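# Fold and geometry: a report
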Amino acid sequence: MITIDFSKRGNLSLTGFLYQSLKQQILDGTLKPGEHLPSKRSLAQHLGVSVITIENAYDNLKIDITRLPYATVKNPGNQLVLKQGDILFTSASETPDECAISSVIEAKIEDGIFLDDHLFGIRVENISKYDPVYLNYYFRTESFRTLVNKTVRGVTRYYISIPSFMQIRIPVPPLPVQREIVRILDNFTELTAELTAELTARQKQYEYYRD
């Protein structure tokens, strides 16, 4: 099982430190080429960090609501209570391109789930005009990344300037068009996942017969 010492992360966010630690273990040979990473649930429990942190490190588009008990801080302080349709962003990293990576809460979630302190979020109040899943897809585009990079601050440690981020304006088509785009992209994402699984299975089969 992967071991990561989070006491050494300093000012890095959990997501940034996890990403760098996994990358370093790949580079130094601790994680061998072709070795599969453990499941997000087991890794989260083993490392004692939230699943949202793991999700971000694994670069998922949508938050898995079945794992939210591992993914949030249930603190009745001033943290934002999360709801279906909320879009969460990574707030800081050691590289600008890892700031403001988004993930959407697509399904209904239980009450009393709070926003973790290594994220910030936006909430779509008018769902009759805006589809949060569409917005999340748009937030992953290169054109949006160009806009986001202008809101990044820092020299050795980078973070999002929230006031500047909230000034970003994006093009939004009518709701029926948004939903059609979501349908197409969801199907493409599912097909890509199926293809990846098939290629992985074929590679294992090839290696078995080769050896």
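In this report, we go over the structure that sits alongside the text. (Residues numbered from 1 in each chain as written. Predicted model: local features only at pLDDT ≥ 70, side-chain atom pairs only at ≥ 80, totals over all residues. Heavy atoms only, no water.)

Another point: the overall build of the protein chain. For the protein chain, the helix and strand inventory stands at seven helices and six strands. For the protein chain, the residues scored as buried account for 38% of the 211 residues in total. Considering only contacts in the protein chain between residues 6 or more positions apart, those separated by 24 or more positions represent 68%. Carbon and sulfur atoms make up 55% of the accessible area of the protein chain, which totals about 12,500 Å². (Helix = DSSP H or I, 4+ residues; strand = E, 2+ residues; numbered from the N terminus. Buried < 20%, exposed > 50% of the residue type's maximum accessible area, 1.4 Å probe, protein only. Contact = heavy atoms within 4.5 Å. Areas by Shrake-Rupley, 256 points an atom, 1.4 Å probe, with all protein chains shown as cover.)

As a further point, take the layout of surface pockets. Taking a probe equal in size to a water molecule and rolling it over the atoms shows the remaining empty space. Approximately 370 Å³ is the volume found for the largest pocket. Taken together, 14 residues line the largest pocket, and the ones lying closest to its centre are Ile-122, Leu-135, Phe-139, Ile-168 and Ile-170. (1 Å grid on protein atoms, 1.4 Å probe; cavity = no way out; pocket = protein on both sides within 12 Å on 5 of 7 lines; lining within 4 Å. Points joined across faces, edges and corners; volume = space filled by probe spheres on them.)

Quick look at the sheet that holds strand 1 (residues 87–90) now. In space, the three strands of this open sheet follow the order 3-1-4, with antiparallel pairing throughout. Looking at the sheet topology across the chains shown, the edges are occupied by strand 3 (102–104) and strand 4 (119–122). For this sheet the average axis-to-axis angle between neighbouring strands, irrespective of direction, equals 30 degrees. Where strand 1 and strand 4 come together, four bridges link them in antiparallel fashion. Across the sheet, the residue bridging to Leu-88 is Gly-121, located in strand 4. (Pairing = 2+ DSSP bridges. Axes fitted to C-alpha atoms, helices over the stretch in contact; angles between N-to-C directions.)

The next thing to look at is the packing of aromatic side chains. Counted by the stated rule, this structure contains seven aromatic pairs. For the pair Phe-89 and Phe-165, a centre-to-centre distance of 5.1 Å together with 70 degrees between the ring planes defines the contact as edge-to-face. Taken together, the residues span a long stretch of sequence, with Phe-89 in strand 1 and Phe-165 in helix 6 (residues 162–165) at a distance of 76 residues. Exposure class is identical for Phe-89 and Phe-165. Each is buried. Here the aromatic cluster, defined as three or more aromatic residues joined through ring pairs, consists of Phe-89, Phe-120, Tyr-138, Phe-139, Phe-144 and Phe-165. (Phe/Tyr/Trp six-rings, centres within 6.5 Å; stacked < 30°, edge-to-face > 60°.)

The subject of this paragraph is helix 5 (residues 142–149). Residues of helix 5 that are buried include every one of Phe-144, Arg-145 and Val-148, and no others. On an axial view of helix 5, the arc spanned by its buried residues comes to 100 degrees, and they lie on one face. (Arc of directions from axis to C-beta.)

All right, on to the pairing of strand 1 then. Along a regular strand, successive side chains alternate from one face of the sheet to the other. Because side chains alternate across strand 1, one face comprises the buried residues Ile-87 and Phe-89, and the other comprises Leu-88 and Thr-90, equally buried. In the sheet, strand 1 pairs with strand 3 via three bridges, with the strands oriented antiparallel. Each residue of the ladder has a partner; that of Phe-89, found in strand 3, is Ser-102.

To continue, consider the side chain of Thr-151. Turning to its location among the elements, Thr-151 is positioned in the loop between helix 5 and strand 5 (152–153). Excluding residues that lie within four positions of it along the chain, Thr-151 makes contacts with Tyr-159, Ile-160, Ser-161, Ser-164, Phe-165 and Ile-168.

This part takes up the pattern of salt bridges. The tally for this structure, following the rule as stated, stands at two salt bridges. Where Asp-86 meets Arg-123, a salt bridge forms, and the shortest distance between an N and an O atom there is 2.7 Å. With Asp-86 in the loop between helix 3 (51–58) and strand 1 and Arg-123 in the loop between strand 4 and helix 4 (132–138), this residue pair connects regions lying 37 residues apart in the sequence. What makes Asp-86 buried here is its relative accessible area of 1%. As a salt-bridge pair, Glu-180 and Arg-183 come within 2.6 Å of each other at their nearest N and O atoms. Taken together, the positions of Glu-180 and Arg-183, both in helix 7 (residues 175–210) and three residues apart, correspond to about one turn of that helix. Residue classification places Glu-180 among the partly exposed positions, given a relative accessible area of 35%. Since its relative accessible area comes to 44%, Arg-183 is described here as partly exposed. (Salt bridge = Lys/Arg side-chain N within 4 Å of Asp/Glu carboxyl O.)

Read these as layout, nothing more, since geometry by itself doesn't imply function.
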